[in-house]
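# What the coordinates show
Spelled out from the first residue to the last, the chains are:
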Amino acid sequence: MTTTENLSAQIFKPQYDYPETSALINRIDSSNGSSISPLDGEIDSRWYRIINPFLWIWRGLPKLEVEELLSKIAASTKRHTNEKWLDTVIGYQSGNWVYEFLNQAALWQSKADSIDQENPSEEDKINLHNYFLIASEYSSIASYPHFKNDELAMYAQTCAYQAYMKALNYSPFTVKELEFKVENRSVKTFLHLPKTDSTCPVVLICNALGNLQIDYYRYFKEYLAPRGFAMLTVDLPTVGYSRNFALTQNSSQIHQAILEQLSSVPWVDNSRVILAGFRFGSHLATRLAYLMPNKVKGLFNFTPFVHQIFVDKDLQKNLPNSYKDMLASRLGLPSISNLQLAAELNYFSLKNQGLLTHACPVPVMNIIFEEDVLSNLNEAKLIRSIKQSKLVTIPKTPLQKSLHDALTQSVKWMESVL
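Residues numbered from 1 in each chain as written. Predicted model: local features only at pLDDT ≥ 70, side-chain atom pairs only at ≥ 80, totals over all residues. Heavy atoms only, no water.

## Some thoughts on the pattern of salt bridges
With the rule as written, the count across this model stands at 18 salt bridges. The partner of R46 in a salt bridge is D44, and the shortest N-O contact between them spans 2.7 Å. On the basis of relative accessible area, D44 is assigned to the partly exposed category, the value being 22%. Measuring nitrogen to oxygen at the nearest pair gives 2.6 Å for the salt bridge that ties R227 to E415. Separated by 188 residues along the polypeptide, R227 in the loop between α7 (217-224) and β5 (230-234) and E415 in helix α15 (residues 399-417) bring together distant segments of the chain. Owing to a relative accessible area of 34%, E415 belongs among the partly exposed residues under this scheme. Each of D40, R279 and D372 takes part in salt bridges that share partners, so that together they form one network. (Salt bridge = Lys/Arg side-chain N within 4 Å of Asp/Glu carboxyl O. Buried < 20%, exposed > 50% of the residue type's maximum accessible area, 1.4 Å probe, protein only. Helix = DSSP H or I, 4+ residues; strand = E, 2+ residues; numbered from the N terminus.)

Below, the structure written as C-alpha cells:
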C-alpha cells in the first residue's frame, strides 16, 4: 500500500478514543482572551483555537475552501468537549478540527497523485508543487496548536512534512534537508537556496510559537530568493523536528548549535548570516544576536517578544485560553494557572536575563504592528543596537498591503547591512 493510500485509509477511518486537543492542558484559570494582535488572527469566543484565515490564505490556501471548512466545523452537532467552543468535537470524525483539515489535505494530495509524477511536463511540475504545498499547509493547520501530547496532531505533523518534502521535489528552487547535532542528538532543518551558482547569504528563521518550519515558504519564494538570500528553517523546541528538546529560558540552544556548525554547509556564506525572529521567535533571535555577535551580521525581528509578555501578569491573564495552553505545552506543563505561568515566564524576559541592559552588538531592525498588545513600541525600543537601529510601525489596514510592505522592507534592510 502506498503512503498516500495508507494516509487516506487512516484519514477516512473515524476513531473515537483520541483525546481532544482543548482537553489536553488542565486550565486552572479560564480567560476571555483579549490580549492579542490582529496579526495573530481573530479573537472569537466561540472557538478554542485562534482562527487566522488571513495568514492561512496568505500562505497559499484557497479562501473559499478555508471558509467552507470552518463553516463545516462550526455546523457540527457531534459531541464537543466544551459546548461553547465550535472546534472541540470529540474523536477523529467529521466536525473534528484535525479530521476536517487532514481530509482537505488528502484531497489535494490525491489531486497531485492523479498527475504522472514519473515524467511530468513543466505545467505538471508547477501543479504538483502547488498541490503538495497546499496539502502540507492544510496538514500543518490540522496539527495547530501543535501540542506534543496530541496524538492526532503529531500524525498531522508527519503528513505535513511528507507533503512539504514532495512539494520541494517540484520546486523551482533547490532545497536541502540538513541535520545538525545538538547535544548528541540531531535536528532536521530545511535549507532553501536561491537560483545562483555562488555561495549566498543566509537568513536563519526563528519561528513564531504556533508555526512549523514549513510555514515560511512564501517568505522565501517571494521576498528572500529574488534578492539572492538562502533561508534556513528549524523548528522551535518541543515542536516538529525539534520535539525532543525542551523549551527553557535558554531558548536559543538549538539555533546556537546550528550557527556553530554553519561553516560546514558548502552552499551558504557563513560570514553573512541574518537572524529573523517572528513573534516569540524574536526571543531566540535576539538572544543569539547578543550571545554570538561574531557569527551574525544583523537581527531582524517581526513584532518582537523579549520582555513585556514574560513579566506583565495582567497581559498574561488576558491571553486567549489556547495561547496560554500553547505556552504550557511548550514549557512541558500538564496544567497551568496564571500564577504558575507568571513564575515560569519571568525567567524568559531578556531584560531579566541581563541581556537588554546594554546595546546589541549587531545592526537591528524591528517591525511592530499597530494596536499589537503583545509587541509595542516600548518592547521594540528595548532592542537597540550600537551600530544601526531601524524601527518600522505598520498600519493594521489594509492588512495584506501592510504585511507585504513590512516583508519587502525587511529584505531591503538585510541587503543594506550586508
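Next comes the rest of the description.
## Focus: the packing of helix α3 (residues 63-75) against helix α4 (residues 97-113)
The geometry of α3 relative to α4 is characterised by a closest axis approach of 10 Å and an angle of 145° between their N-to-C directions. Once α3 is placed against α4, the crossing between them reads as right-handed. Of the residues in α4, those in contact with E65, L69, L70, K72 and I73 of α3 are W97, E100, F101, Q104 and W108. A per-class count over the contact of α3 with α4 returns six nonpolar, one polar and three charged. (Axes fitted to C-alpha atoms, helices over the stretch in contact; angles between N-to-C directions. Left-handed = near helix turned anticlockwise from the far one by under 90°. Contact = heavy atoms within 4.5 Å. Nonpolar A, V, L, I, M, F, W, Y, C, P; charged D, E, K, R; others polar.)

## Comments concerning the pairing of strand β6 (residues 268-278)
Burial of β6 is extensive: eight of the 11 residues sit out of reach of the surface. Alignment of β6 against strand β7 (residues 298-302), held across five bridges, turns out to be parallel. Counted as the bridge partner of L275 is L299 from β7. In this view, the connection linking β6 to its parallel neighbour β7 by way of helix α9 (residues 281-291) has right-handed handedness. (Pairing = 2+ DSSP bridges. Right-handed = clockwise from strand over helix to strand, strands pointing away.)

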